[in-house]
Amino acid sequence: MTREITVAAAQLGPIQRTDSRESAVARMIHLLREASRNGVELVVFPELALTTFFPRWFVENISEADHWYETEMPSSVTQPIFDVARELKIGFCLGYAEITAPDTNGVRHRFNTQILVDREGKIVGKYHKVHIPGHEHHEPDRPFQHAERYYFEPGPEGFDVWKAFGGRFGMMICNDRRWPESYRLMGLKGVEMILCGYNTPIHYVPDPSQDILQGFHNSLVMQSGAYQNGTWVVGVAKAGLEEGVELLGQSCIVAPSGQIVAQALTADDELVIARCDLDWCKRYKETLFDFDKYRRPEVYGPITSQRGAILD
Ligand code: ING
């Protein structure tokens, strides 16, 4: 008996600043219904799927940005996603900006968050983005801000793997996919499918020479992460021209071999579907990447003891 699951990367086109959450939810429900017609069991939505990518603007008083965050999940606005998914018996993964209730010190925490919801509509996993790119302070000379380090705290919990959908599922968000540690930490927990939403501006302000390589880098990191850890990877974009900034599409589903088995053709709302056999992971986990047999943690010390490179 194989452990096959039909998965869809539910790519979203742009969400403009004035687009309501309700309109984003309606687009996601439309994709859920199309997924159901195609026998899909798990739908993965992008990072920050309910709003525009608001870190492209800087506001001196961060409370002016509070309306971009979700204070509860589900809320009355997002409940319809849960209701329709449960009606269709489809699990889903959703990225959004989260602001927590005040902690014991009265501090409200702001995270770039992703949840995993099972086919009964129950939240079975929550992830807070670990690798926060961009900058913390206003950089007025930029054509647009990427102030994620101002708007989000790095997730303190690291990476986890949840037993769901008959396998072991992990989550990461956007910049996380560029760091091999993200995949390896889940690989060391036996992950079989990693779900990753992203919002990636094609223009990379610190080094515009990378712009032309955004699609290549996007595929490169997810294909290598999948192969080196014997896991499926589902990468899902918010794509297209969003408030004047071109966001990369190329949502894709990558097999444990590192092969891309399905990829988006547009930069708009689009379902990318593949039937994924979780047992394919064994072909790599039990041979080339038998971690317990081949890894050498006794020489890997600097990977966790050092942050930056030391040029001695
Ligand atoms: N976005 C980008 C990402 O890592 C970025 C940041 C853009 C990095 C372009 C490099 C080049 O895909 C998020 N949201 O992490």
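Refer to the structure printed above.
The following refers to the structure shown. (Residues numbered from 1 in each chain as written. Predicted model: local features only at pLDDT ≥ 70, side-chain atom pairs only at ≥ 80, totals over all residues. Heavy atoms only, no water.)

**With respect to the pattern of salt bridges**
Applying the stated rule across the entire model yields 20 salt bridges. We note a salt bridge from Arg27 to Asp269, for which the minimum N-O separation is 2.7 Å. Here the residue Arg27 occupies a position in helix H1 (residues 21-37), and Asp269 occupies one in the loop between strand S13 (260-263) and strand S14 (270-277), the gap between them amounting to 242 residues. Given a relative accessible area of 28%, Asp269 falls into the partly exposed group. Across the salt bridge formed by Lys238 and Glu242, the nearest N and O atoms sit 3.2 Å from each other. (Salt bridge = Lys/Arg side-chain N within 4 Å of Asp/Glu carboxyl O. Helix = DSSP H or I, 4+ residues; strand = E, 2+ residues; numbered from the N terminus. Buried < 20%, exposed > 50% of the residue type's maximum accessible area, 1.4 Å probe, protein only.)

**Section: the environment of Gly249**
Within the fold, Gly249 resides in the loop between strand S11 (245-247) and strand S12 (252-254). For Gly249 and Pro201, which are 48 residues apart along the polypeptide, the C-alpha to C-alpha distance reads 9.6 Å. Not counting chain neighbours up to four residues away, the residues in contact with Gly249 comprise Gln11, Tyr198, Asn218, Ala237 and Ala239. (Contact = heavy atoms within 4.5 Å.)

**Some details on the pairing of strand S5 (residues 123-128)**
Here 5 bridges tie strand S4 (residues 110-117) to S5, and the two strands are oriented antiparallel to one another. Bridged to Thr113 within S5 is His128. Hairpin geometry of S4 and S5 is characterised by an intervening segment of 5 residues between the two adjacent antiparallel strands and by a positive phi of about 85° at Gly121. (Pairing = 2+ DSSP bridges.)

**With respect to the site of the ligand**
Taken together, 15 residues surround the ligand, and among them Glu148, Cys174, Asn175, Arg178 and Thr200 come closest. One of the backbone N or O atoms of Asn199 is found 3.1 Å from a nitrogen atom in the ligand. Within the contact set of the ligand, an oxygen atom lies 2.7 Å away from a side-chain nitrogen or oxygen of Thr200. Computed on the free molecule, the ligand has an accessible area of 370 Å², of which 94% lies beneath the protein chains in the complex. (Near = heavy atom within 4 Å. Polar contact = N/O pair within 3.5 Å; in protein donor to acceptor, adjacent residues only side chain to side chain. Areas by Shrake-Rupley, 256 points an atom, 1.4 Å probe, with all protein chains shown as cover.)

**Looking at the sheet that holds strand S3 (residues 91-99)**
Read across the open sheet, the 6 strands follow the order S5-S4-S3-S2-S1-S14; overall the sheet is mixed. Each of the sheet's edge strands pairs with one partner strand only, and the pair in question is S5 and S14. For this sheet the average axis-to-axis angle between neighbouring strands, irrespective of direction, equals 25°. Sheet topology places S3 next to S4; 8 bridges connect them, and they run antiparallel. Looking across to S4, one finds that Phe92 is bridged to Val117. Its contacts with the sheet put H1 on strand S1 (4-11), strand S2 (42-44), S3 and S14, and the angle it makes with S14 is roughly 40°. Docked against the sheet, helix H2 (residues 79-88) engages S3, S4 and S5, running at close to 170° with respect to S3. (Axes fitted to C-alpha atoms, helices over the stretch in contact; angles between N-to-C directions.)

Note that every value here comes from positions in space, so none of it alone points to a role or purpose.
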